[in-house]
Protein chains: 2
Amino acid sequence: MNVLFTFRIKDEQMEKLKADFPGIQFCFNKKADEIAIDEFEIIVTYGEDITTDVLERATSLKWLMVASAGVEKMPLAEIAAKGIVISNVRGIHKTPMAETALAHILSLGRALPALVEQQKRKEWNTKVRQTELRGSTALILGPGAIGSEIGRLLQAFGVRTIGCNHSGNPAGFMDDTIRFDGLLSRLPEADIVISVLPSTEKTKGLLTEEHFKAMKETALFMNFGRGDLVKETVIVDALKNGDIGHAVLDVFEKEPLPVESELWTLSNVTISPHVSSHSGKYIERALEFFTENLEKWQNGDKDLVNLIDPEKGY
Amino acid sequence: MNVLFTFRIKDEQMEKLKADFPGIQFCFNKKADEIAIDEFEIIVTYGEDITTDVLERATSLKWLMVASAGVEKMPLAEIAAKGIVISNVRGIHKTPMAETALAHILSLGRALPALVEQQKRKEWNTKVRQTELRGSTALILGPGAIGSEIGRLLQAFGVRTIGCNHSGNPAGFMDDTIRFDGLLSRLPEADIVISVLPSTEKTKGLLTEEHFKAMKETALFMNFGRGDLVKETVIVDALKNGDIGHAVLDVFEKEPLPVESELWTLSNVTISPHVSSHSGKYIERALEFFTENLEKWQNGDKDLVNLIDPEKGY
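Residues numbered from 1 in each chain as written. Chains lettered and ligands numbered in written order. Predicted model: local features only at pLDDT ≥ 70, side-chain atom pairs only at ≥ 80, totals over all residues. Heavy atoms only, no water.

Residues and elements named next belong to chain A. Of all 6 residues in strand S7 (residues 160-165), 5 are buried, a share of seventy percent or more. Where strand S6 (residues 137-141) lies against S7, 5 bridges are found, and the strand directions are parallel. The residue bridging Ile140 from the neighbouring strand is Gly163, located in S7. Tracing the backbone out of S6, into helix H6 (residues 145-156) and back to the parallel element S7 gives a crossover that is right-handed. (Buried < 20%, exposed > 50% of the residue type's maximum accessible area, 1.4 Å probe, protein only. Helix = DSSP H or I, 4+ residues; strand = E, 2+ residues; numbered from the N terminus. Pairing = 2+ DSSP bridges. Right-handed = clockwise from strand over helix to strand, strands pointing away.)

Spelled out as structure tokens, the structure:
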């Protein structure tokens, strides 16, 4: 069985694969058009190199492993027509994103930005305002793989979690789950409001001035999902009026955030340049998904983790 | 039964106590010398107001609840002689201290200080160096109540924990426990080295140049215990030589840290002014210890939580 990687992985990662799967021939870091692609049963790719032309020539291909969370730009109809199995690394962002969310929450709670400023002035001042996370309540918009991982960690810190999704169906690591249309009445309970919602017709503009007025004046609002969840002017007004305490924003209506934006200079906002999912361990994590599936594939088990239905696209 | 609080608590906390314990008479916020102290079976105090004179006059006193972690300055011999039960709030610092430790670890891992600097320059730069905490290894010097709470949270993040104490006896939430004399050989495994050790004859100067040379060049060293664990010059040299990657220091050989100290200005050190245990919820937590015990006391159960042996002092 031959496996092609169309992207680069580290030497030790190559060696480990060869050692763990001695019966398999691996070819690493070759472009789809610089190799006899018809020899490969399995192709591991970031996705964008798999064109209809490549598919035509890849006559042995049975499984496409896409080391990316989205496959919407791939020729899914052709993949479906040829009966090629396709899987991805859905959920790969949950670890770095959940670590990012907790980093911001704890850093603000323990006043770390204030300590940095004091250090610059060589100032020993113990009167910094610090709070405890334990015993607080977080409302998580979008309790899917990422939202539930945030919920799991928050619960470990003794935080009560309320998930909010379209259906209101129970979600993992949420003490309670509510529907979008019940949001307004539950916002007053939340010390922290976190969105990891994608951009869909149902989520665009979901949060309005009314929602921010319903939050606690001390509330921390965080958006790691998509910038079109709420108009920038609504957030700016909420921060300037003191409707909420602080905002941590990783996503914006317009990215990069224009230099003219008032958000850059408000004292109660933290700007992050859409990096919440970044990680130095992306390939390591992707290989974990791959090797788990390769083990199955080798044993004739085609019920892979993170299979995609090419007709639905997810 | 009469209970005296010699310190101030919030109105709603007073109301809650009265509502939860209707059979008990509470007297709040009175000094021991401005009241008929002989009427009180229970005194809730920070400790420093309980002198031998007060003890002589408190003829009904059966239980001293000390809302502090240390009781070493109290007249313990007299308390023991009178058969007065004494309890404290040992462990009250574990929540804020563990939250502090995780705040620093995650904030550095997700490059939050770098993002703050970028925000000041209105700079949208996604090329910040961020790492994942999951899969790393932490070595915790002093895995007692606080160290174990740090271990519990680290394990929730998928971190392997190695505890290090004098005895080598297994400790809570440690994947492995080693003895002080085995430390040097295990330091090379640790991505994070955290001390919450108290100052004792065995811990003074425990860490030397040799230990820092044994750590990873990328290691994060954190001290939330006591400053005499290691000489300041040893830490400064390790940071300047690149023996370790970063240090977070909350305690120092001399406090406040003198303005002349080189530590203030090294780029790979975070200075915190001995505030890791501070919390806006101290009294709330202390009352949790108290009400749990008051419930027992009311039912005739004298096996209180956090009892102190006045002859040993802990």
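Still more to cover.
What follows deals with helix H4 (residues 94-109) of chain B. In an α-helix there are 3.6 residues to a turn, and that puts residues three or four apart on one side. All names here are of chain B. For H4, with 16 residues, the first-to-last C-alpha span of 22 Å sits near the 22 Å given by 1.5 Å per residue. Burial of H4 is extensive: 14 of the 16 residues sit out of reach of the surface. Just downstream of H4, Ala111 is the residue with a positive phi angle, here 60°. (Expected span 1.5 Å × (residues − 1).)

Here the focus is the interface of chain B and chain A. At the interface, 57 residues of chain B touch 57 residues of chain A. Summed over both sides, the interface of chain B with chain A buries roughly 4800 Å², with 59% coming from carbon and sulfur. The largest share of the area that chain B buries against chain A comes from Gln119, Trp124 and Glu132 of chain B, three residues that together contribute 18% of it. In this assembly, chain B and chain A are joined by 6 salt bridges. Here Glu132 of chain A makes a salt bridge to Arg285 of chain B, at a shortest N to O gap of 2.7 Å. Our count for the contact surface shared by chain B and chain A stands at 32 residue pairs in polar contact (both at pLDDT 80 or more). Elements represented by at least two residues in the side of chain B that touches chain A include exactly H4, helix H5 (112-120), helix H6 (145-156) and strand S12 (269-271) of chain B. If you tally residues by element for the side of chain B that touches chain A, the top one is H4 of chain B, at 9 residues. (Contact = heavy atoms within 4.5 Å. Buried area = accessible area lost by both parts, 1.4 Å probe. Salt bridge = Lys/Arg side-chain N within 4 Å of Asp/Glu carboxyl O. Polar contact = N/O pair within 3.5 Å; in protein donor to acceptor, adjacent residues only side chain to side chain.)

Judged by nonpolar contacts, the single largest core of 60 residues is most densely connected at Leu102 and Leu154 of chain A together with Leu102 and Leu154 of chain B. Excluding its chain neighbours within four sequence positions, the residues that come into contact with Leu102 of chain B are Leu106 and Phe157 of chain A together with Leu133, Ile150, Leu153, Leu154 and Phe157 of chain B. By size, the runner-up hydrophobic cluster in this structure holds 35 residues, among which are Leu139, Leu183, Leu229 and Leu239 of chain B. (Core = buried A, V, L, I, M, F, W, Y, C linked by side-chain atoms within 4.5 Å.)

A separate point is the pattern of salt bridges. All names here are of chain A. Across all of its chains, the model carries 39 salt bridges over all chains by this definition. Lys16 is the partner of Asp20 in a salt bridge, and the nearest nitrogen-oxygen pair spans 2.7 Å. Taken together, the residues Asp20 and Lys16, both in helix H1 (residues 11-20) and 4 residues apart, mark about one turn of the helix. Arg121 is paired through a salt bridge with Glu123; the nearest N and O atoms lie 2.7 Å apart.

Mapped onto this numbering, the UniProt entry annotates "domain: D-isomer specific 2-hydroxyacid dehydrogenase NAD-binding" (unreviewed entry) at residues 102-276 of chain A. Annotation note: span residues 102-276 of chain A, helix share 28%, strand share 17%, distance between end C-alpha atoms 11 Å. (UniProt positions renumbered as here; feature names shortened; annotations may be inferred.)

What follows deals with the relation of the copies chain B and chain A. Overlaying chain B with chain A gives an RMSD of 0.1 Å, the required rotation being 180° about an axis along which the chain moves by 0.0 Å. Such a combination of rotation and displacement between the chain copies is what one expects of a two-fold axis. Most of the interface of chain B is mirrored in chain A, where 100% of its interface residues again form contacts. (Least-squares fit on C-alpha atoms with pLDDT ≥ 70 in both.)

Looking now at the UniProt feature "domain: D-isomer specific 2-hydroxyacid dehydrogenase catalytic" (unreviewed entry) in chain A. Taken from the UniProt record, the annotation "domain: D-isomer specific 2-hydroxyacid dehydrogenase catalytic" (unreviewed entry) applies to residues 4-299 of chain A. Across residues 4-299 of chain A, helical content stands at 32% and strand content at 16%; the span's end C-alpha atoms are separated by 19 Å.

This part is about the packing of H6 of chain A against H6 of chain B. Packing of H6 of chain A against H6 of chain B leaves a shortest axis separation of 10 Å and a crossing angle of 170°. What the angle tells us is that H6 of chain A and H6 of chain B run roughly antiparallel. Every residue of H6 of chain B that contacts H6 of chain A at Arg152, Leu153 and Ala156 of chain A is listed here: Arg152, Leu153 and Ala156 of chain B. Here the contact of H6 of chain A with H6 of chain B is composed, by residue class, of 4 nonpolar, no polar and 2 charged. (Axes fitted to C-alpha atoms, helices over the stretch in contact; angles between N-to-C directions. Parallel < 35°, antiparallel > 145°, perpendicular 65-115°, else oblique. Nonpolar A, V, L, I, M, F, W, Y, C, P; charged D, E, K, R; others polar.)

Next up on the list: the sheet that holds strand S1 (residues 2-5) of chain A. All names here are of chain A. With parallel pairing, the 5 strands of this open sheet are ordered in space as S2-S1-S3-S4-S5. At either end of the open sheet lies a strand with only one pairing partner, and these are strand S2 (25-27) and strand S5 (85-87). Going across the sheet, the axis of each strand differs from the next one's by a mean of 15°, ignoring polarity. Where S1 meets S2, 3 bridges bridge the pair, whose relative direction is parallel. The residue of S2 that forms the bridge with Asn2 is Gln25. Its contacts with the sheet put helix H10 (residues 282-298) on S1, S2, strand S3 (42-45), strand S4 (63-66) and S5, and the angle it makes with S4 is roughly 160°.

With that settled, the discussion passes to the sheet that holds S7 of chain A. Residue and element names in this part refer to chain A. Judged by pairing direction, the sheet is parallel, and its 7 strands sit side by side in the order S8-S7-S6-S9-S10-S11-S12 without closing on themselves. Both outer strands of the open sheet, strand S8 (176-179) and strand S12 (269-271), are each paired with one neighbouring strand and no more. Taken pair by pair, the neighbouring strands of this sheet meet at an average axis angle of 15°, ignoring direction. Both S6 and strand S9 (residues 192-195) contribute to a ladder of 4 bridges, which runs parallel. Residue pairing in the sheet places Ile140 in a bridge with Ile194 of S9. Strands in contact with helix H9 (residues 232-241) are strand S10 (220-223), strand S11 (246-249) and S12; relative to S11, the strand with the most contacts, it is inclined by about 150°.

Here H6 of chain A spans 17 Å end to end across 12 residues, near enough to the 16 Å set by a 1.5 Å rise per residue. The complete set of buried residues in H6 of chain A reads Gly147, Ser148, Glu149, Ile150, Gly151, Arg152, Leu153, Leu154 and Ala156 of chain A. Here the buried face of H6 of chain A lies against helix H4 (94-109), S6, S7 and S9 of chain A together with H6 of chain B.

Residues and elements named next belong to chain A. What you see with S10 is no split at all: Leu220 and Met222 on one side and Phe221 and Asn223 on the other are buried throughout. Sheet topology note: the S9/S10 ladder contains 4 bridges and is parallel. Its bridge partner lying in S10, Ser195 is registered against Asn223. Handedness of the S9-helix H8 (residues 209-214)-S10 crossover: right-handed. Examined bridge by bridge, S10 and S11 share 4 bridges and lie parallel to one another. Of the residues in S11, the one forming a bridge with Met222 is Val248. For the segment spanning S10, H9 and S11, crossover handedness is right-handed.

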